[in-house]
Amino acid sequence: MAGRLPRWDVAPKTLVFGAFSFDGNGAVLMQKQENRQLLSGTERRVWQGGRSLVRFARQRFELLLVPVAMAVFVGVWALIGRLGNYPPFLLPTPVQVWNRFLTVAADGTLWYHTSITLWEILGGLVLGLTTASLLGYLLAKSPLLERFLSPYIVASQSVPIVALAPLLIVWFGFGVLSKVLVCALTIFFPVLINTMIGLRTVERDLMDLMRALQASRWQVFRYLELPASLPVLLGGLKIGVTLSVIGAVVGEFAQSDRGLGFLVNLANRGLFDTPLMFVALLVLMTIALSLYGIVSVMEWLLLRWKRES
Amino acid sequence: MPSTLRAEGIRHVYRGGSGELLALDGVSLSVDEGEFVAIVGPSGCGKTTLLRILGGLLTPTEGWVHLNGQPLSSPRRQVGYVFQNVNLMPWRTVLRNVMLPLEVAGVPRGVAEERARQLLALVGMEGFEEAYPRQLSGGMAQRVAIARALVGSPGVLLLDEPFGSLDALSREQMNLELLRIWQARRVTTVMVTHDLQEAIFLADRVLVMSPRPGRIRTQVVVDLPRPRTLEVVYTEFFGALSRRVREALDASSAL
Ligand SMILES: Nc1ncnc2c1ncn2[C@@H]1O[C@H](COP(=O)(O)OP(=O)(O)OP(=O)(O)O)[C@@H](O)[C@H]1O
Ligand SMILES: [Mg+2]
């Protein structure tokens, strides 16, 4: 046994200079010039990363269909407007909405409200994702805790967030904080469930393998549980980011003086400014689509092994 | 780092919702440095249970296991384990699967990669470093699993029906490969199988187990000369050995 190969447990540190790595699925390895093989490995990985982005764009050429679908939608909308000749407060035409967009974009109103809502969504996502995945991890690990807590968690889901939002505003004020909380609550449940399912799908045999390797708790998480549950986690994230937009708006609807939800409310109830409402709604959709798109790209990059066959 | 493995008076009871199940009763065995021992027995007789106990993955209800004279109560890195199903991580490439034991052991990435490449060469899997497990055939995946079990230079190799899912031809091929690897590395090896010919072809000794609760009924010493080639299977001596193992198995099943 001795001989042939250097023993790993006494592997001299001096063999490697400045090796460091970003773990994840595509590891990036930096190695000193000396080791040609490894260096070319590094280059290959970087190159593969770049190439997979290009492939993403190319193979997802259906993405090109998005503008086409949008054009069709706007066309039908314009047609209905022209045929019915409705007053703008009932159904504005695309042109009226576009003009309204230009005015609110020019005077900074739109950007102001959009940025508020974006912050709420961001805060809600960070808060909701961390608490839900942490609790999901604990529940998946401890059947006892799950049995103890799950009735409360399920029961809490039967309370409509819409009904809870005003209360949260009474407790936490008009500001951004209460909206962040509403948003976090909205995404909490689906993310929690997906985290639990994801971690439970980890194969028992792979768990044995990690035990046989004397892996620490953290290593089991990093090398096994995280990558194994990643597909399900990303699925939960897709639901989560979409719901987060709704969550923020629900919070703003309950009570607020800024944000896109406030803008919709104002336009709809106070001013009968339906074009403005359409502008706000379209921005909200754009946000939701962008967030969803970001998660899709993450999926594409992280789950390469799922595509290869 | 050659190693010896001893187990004495192993008894194991599984406790579940539906009561107790006596899986192993009074199993003792001893494997010498660099020896190849095969364990055969009917399905469900406790072979996997025994192997998991030998690997420290399972604590027996009674009895003890010594690795190099030291009590073994939890898994050790000196023991390489090949699972009954291949058990590769589908999200890691072949190379990264083989690197895993070293990464967990905290070996620097560069060293780990180099060693993993050497092991993949040893099992004849060069050129597949960047492939994913689902792109491999059963035999190739099994080679990778063996490379992974050997990459940490273990003194003991435990194999649980590693070629159970292969057709006869690839199985023969893999037997030859395993023999070559074992000869190159001289690892103390315990292999569970239900293929008698495979057991005799590979092993120095074949242990025959009884149906549940598993006990070791007989041992058949295989004093065939090494290195062995596939032709040995057709010799009269091999046939006689097969008959002895077969009879031992039948006798123990009849009890
Ligand atoms: N975790 C467990 N809990 C309860 N019973 C178990 C457990 N694992 C195995 N058993 C039972 O113990 C007995 C021995 O199982 P084991 O897997 O060791 O058999 P085996 O000889 O490896 O079988 P095979 O040849 O089919 O792989 C079987 O009856 C099985 O049902
Ligand atoms: Mg078994």
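Relevant structure appears above.
Residues numbered from 1 in each chain as written. Chains lettered and ligands numbered in written order. Predicted model: local features only at pLDDT ≥ 70, side-chain atom pairs only at ≥ 80, totals over all residues. Heavy atoms only, no water.

### Some remarks on the coordination of the magnesium ion (ligand 2)
Put simply, a metal with four donors set out as a tetrahedron has ideal angles of 109.5 degrees, and one with six donors set out as an octahedron has ideal angles of 90 or 180 degrees.
All names here are of chain B.
Here is step 1 of the chain: Those protein atoms acting as donors to the magnesium ion (ligand 2) are T48 (OG1) and Q84 (OE1), and they sit at 1.9 to 2.4 Å. One end of the pair, T48, is in helix α1 (residues 47-54); the other, Q84, is in the loop between β6 (79-82) and α2 (94-104), and 36 residues separate them in sequence.
Here is step 2 of the chain: Residue T48 is classed as partly exposed on the basis of its relative accessible area, which comes to 28%. (Donors = N, O, S within 2.8 Å, 3.2 Å for Na, K, Ca; no water. Helix = DSSP H or I, 4+ residues; strand = E, 2+ residues; numbered from the N terminus. Buried < 20%, exposed > 50% of the residue type's maximum accessible area, 1.4 Å probe, protein only.)

### Observations concerning the nonpolar core
Here is step 1 of the chain: Core analysis: the largest hydrophobic core is formed by 74 residues, its most contacted members being M210(A), L5(B), L29(B), L54(B) and L158(B).
Here is step 2 of the chain: Ranked by the residues each element gives to this core, the list is headed by helix α9 (residues 217-254) of chain A, at 11 residues.
Here is step 3 of the chain: Ignoring any residue separated from it by four or fewer positions in sequence, one finds L158(B) in contact with L5(B), L51(B), L54(B), G55(B), V79(B), G80(B), Y81(B), V82(B) and V190(B).
Here is step 4 of the chain: Counting residues in each nonpolar core, the second largest holds 59 residues, with L179(B), I181(B), V208(B) and V222(B) among its members. (Core = buried A, V, L, I, M, F, W, Y, C linked by side-chain atoms within 4.5 Å. Contact = heavy atoms within 4.5 Å.)

### A short note on the pattern of salt bridges
Here is step 1 of the chain: Enumeration according to the criterion identifies 24 salt bridges over all chains in this entry.
Here is step 2 of the chain: Notably, a salt bridge pairs R217(A) with E225(A), separated by 3.3 Å at the nearest N-O pair.
Here is step 3 of the chain: For E225(A), a relative accessible area of 1% corresponds to the buried category.
Here is step 4 of the chain: Close ionic contact of E198(B) with R171(B) constitutes a salt bridge, the shortest N to O distance being 2.9 Å. Taken together, the residues span a long stretch of sequence, with E198(B) in helix α6 (residues 196-202) and R171(B) in helix α5 (residues 168-185) at a distance of 27 residues. Each member of the pair, E198(B) as well as R171(B), is classed as buried.
Here is step 5 of the chain: When salt bridges with common partners are traced through the structure, they connect R11(B), D25(B), E62(B) and R215(B) into a single cluster. (Salt bridge = Lys/Arg side-chain N within 4 Å of Asp/Glu carboxyl O.)

Coordinates in, geometry out; function isn't part of it.
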